[in-house]
Amino acid sequence: MASLKKMETTPTVEPMEPAWERVMNARKEDRPQARDYMEKLFHGVFEVKGDQCMGDDEAIITAIAWFETFPVTVIGQQKGHTLEERMRCNFGMPSPEGYRKSMRALRQAEKFQRPVICLVDTPGAFCGVEAEAKGQGRVIAEHLRAMATVKTPCISIIIGEGGSGGALALSLADRLIMLENSYFSVISPEGAASILFKDSSMASEAAKNLKLTASDLKSFHVVDTVIREQSGFSRTQMDESVEEIRKAIRVALKRLTRIPPDRLVENRQQKFLNMRGF
């Protein structure tokens, strides 16, 4: 009887909303970040720093590297793993300096005909007063134009958070790839909940309504490929998923590098114009 009474009083645990669970997984501290993927996917990496104007922003990494037999330009958003790294990277929220550095890398990639591979992982661009004073909104718009018009293949991979215009700036690509536990959204779930429900604690409900998961976006033809994450996926257990990413990049590069530059740009723009959402 005592054990039965104990069972009756045990509180039931509500299952987590699947979309919100994806968001939580995308934010895990031990989740691989841009530098982790760069170490596994590329060789001969040479990092290029600074925007030739204001300085450097460690929230965005730009580098020249080799992907198998392809010379490529890599642009990645980095959050940092330790508290010190996170503060140095502004928790993955880029400032105008970072986007200008990225545009510099895009121009170089076009000049030397190197494909561009972007690793997207940000809760959103930094929205502080200083960033706005430096023209954050304008520089993101310029970055979108640069991505839309660059005459070289572009592949973007959403590896974690894909928040707002900060992520979109690096996602206007010929091929968009997502890991299954990443998300891509016009706004963070907390921000959406604050606006829609006047209560940020309803972020789980907002996540469900935003349709921000990889499977949702694949069904809407926004995302081209979804990469499965292996069991126990983390910085120390990522090799299987990295191989899947490697295969997806290899297939995309072999196809895209055969297309003339002007036709490539035309196809890229038409791809986004043809998106109809629901």
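Since this is a predicted model, take the numbers as computed values, not measurements.

Student: Even after reading the chapter, I still don't get the overall build of the protein chain, so can you show me in this structure?
Tutor: When helices and strands are counted, the protein chain shows 13 helices and 8 strands. A compact globule built from 278 residues should have a C-alpha radius of gyration of about 19 Å, and the protein chain, at 20 Å, falls within 12% of that. Over its C-alpha atoms, taken along the principal directions, the protein chain stretches across nearly 80 × 40 × 40 Å. Buried positions account for 49% of the 278 residues belonging to the protein chain. For the protein chain, the accessible area works out to roughly 14,100 Å², and carbon and sulfur atoms hold 54% of it. Taking the average place of the 39 positive charges on the side chains of the protein chain and the average place of its 37 negative ones, the gap between the two points comes to 5 Å.

Student: Can you help me understand the nonpolar core in this one?
Tutor: By size, the foremost hydrophobic cluster in this structure holds 31 residues, and its most contacted members are Ile75, Tyr99, Val116, Leu170, Met178, Phe184 and Leu217. Sorting the residues of this core by element identifies helix H5 (96–111), strand E4 (116–122), helix H7 (136–149), strand E5 (154–163), strand E6 (175–179) and helix H11 (214–219) as the ones contributing at least two each. Those residues in contact with Leu170, other than ones at most four positions away along the chain, are Ile75, Gln77, Tyr99, Ser102, Cys118, Val120, His143, Met147 and Ser156. Core analysis: the second largest hydrophobic core is formed by 30 residues, Phe42, Val74, Ile117 and Ala248 among them.

Student: Which parts of the structure should I look at to understand the pattern of salt bridges?
Tutor: Two side chains of opposite charge can pair, provided their charged atoms sit close to one another. Scanning the model with the defined rule gives 21 salt bridges in all. With a shortest N-O distance of 2.7 Å, Arg250 and Glu68 are connected by a salt bridge. With Arg250 in helix H12 (residues 239–256) and Glu68 in the loop between strand E2 (60–67) and strand E3 (70–77), this pair connects stretches of sequence that are 182 residues apart. For Glu240, the salt bridge goes to Arg228, with nearest N and O atoms at 3.7 Å. Here the residue Glu240 occupies a position in helix H12, and Arg228 occupies one in the loop between strand E8 (225–227) and H12, the gap between them amounting to 12 residues. Relative accessible area serves as the criterion here: at 47%, Arg228 is assigned to the partly exposed category.

Student: I tried to follow the side chain of Arg86 on my own but got confused; where do I start?
Tutor: Structurally, Arg86 can be placed in helix H4 (residues 83–88). This buried residue, Arg86, is left without a salt bridge; Glu29 holds the nearest opposite charge, at 5.4 Å. The contact partners of Arg86, leaving out residues within four places of it in the chain, are Glu29, Gln33, Lys79, Gly80, His81 and Phe91.

Student: Looking at this structure, how should I read H12?
Tutor: Counting along an α-helix, one turn takes 3.6 residues, and residues three or four places apart therefore face a common direction. Relative to the 26 Å expected for 18 residues at 1.5 Å per residue, H12 spans 25 Å between its end C-alpha atoms, a close match to the ideal helical length. Every buried residue belonging to H12 is among Ser241, Val242, Ile245, Arg246, Ala248, Ile249, Ala252, Leu253 and Leu256, and all of these are buried.

Student: Would you explain the pairing of E5 in this entry?
Tutor: Sheet faces and side chains relate simply in a regular strand, where the side chains alternate between the two faces. With respect to burial, E5 is a largely interior element, 10 of its 10 residues being buried. Pairing of E4 with E5 involves 6 bridges; the strand directions are parallel. Note on E5: the bridge partner recorded for Leu119 is Ile157. Sheet topology places E5 next to E6; 4 bridges connect them, and they run parallel. Among the inter-strand pairings, Ser156 is bridged to a residue of E6, identified as Leu176. Strand direction decides the pairing type here: E5 and strand E7 (residues 183–185), joined by 3 bridges, are parallel.

Student: Sorry if this is basic, but what is going on with a nonpolar patch on the surface here?
Tutor: Taken together, the side chains of Leu83, Met87 and Phe91 present a nonpolar region at the surface, about 330 Å² in accessible area. Tracing the backbone shows Phe91 in the loop between H4 and H5. By relative accessible area, Phe91 is classed as partly exposed at 37%.

Student: What is the right way to read the pairing of E6 from this model?
Tutor: Within E6, 4 of the 5 residues are buried, which leaves the element mostly enclosed by the surrounding structure. Bridging between E6 and E8 involves 3 bridges; their strand directions are parallel. Opposite Ile177, over in E8, you have Thr225 as the bridge partner.

Student: I keep staring at the environment of Ser194 and nothing clicks. Help me out?
Tutor: With respect to the secondary-structure elements, Ser194 resides in helix H9 (residues 189–196). Taking the C-alpha atoms as reference points, Ser194 and Ala206, separated by 12 residues in sequence, lie 9.3 Å from one another. Each residue touching Ser194, except ones within four places of it in the same chain, is listed here: Asp199 and Ser200.

What counts, and where the lines are drawn
- Residues numbered from 1 in each chain as written.
- Predicted model: local features only at pLDDT ≥ 70, side-chain atom pairs only at ≥ 80, totals over all residues.
- Heavy atoms only, no water.
- Helix = DSSP H or I, 4+ residues; strand = E, 2+ residues; numbered from the N terminus.
- Rg over C-alpha atoms; globule rule 2.2 N^0.38 Å.
- Buried < 20%, exposed > 50% of the residue type's maximum accessible area, 1.4 Å probe, protein only.
- Areas by Shrake-Rupley, 256 points an atom, 1.4 Å probe, with all protein chains shown as cover.
- Lys, Arg positive; Asp, Glu negative; His and termini not counted.
- Charge placed at Lys NZ, Arg CZ, Asp CG, Glu CD.
- Core = buried A, V, L, I, M, F, W, Y, C linked by side-chain atoms within 4.5 Å.
- Contact = heavy atoms within 4.5 Å.
- Salt bridge = Lys/Arg side-chain N within 4 Å of Asp/Glu carboxyl O.
- Expected span 1.5 Å × (residues − 1).
- Pairing = 2+ DSSP bridges.
- Patch = residues over 30% accessible without salt bridge, like charges linked within 9 Å, V, L, I, M, F, W, Y side chains within 5 Å.

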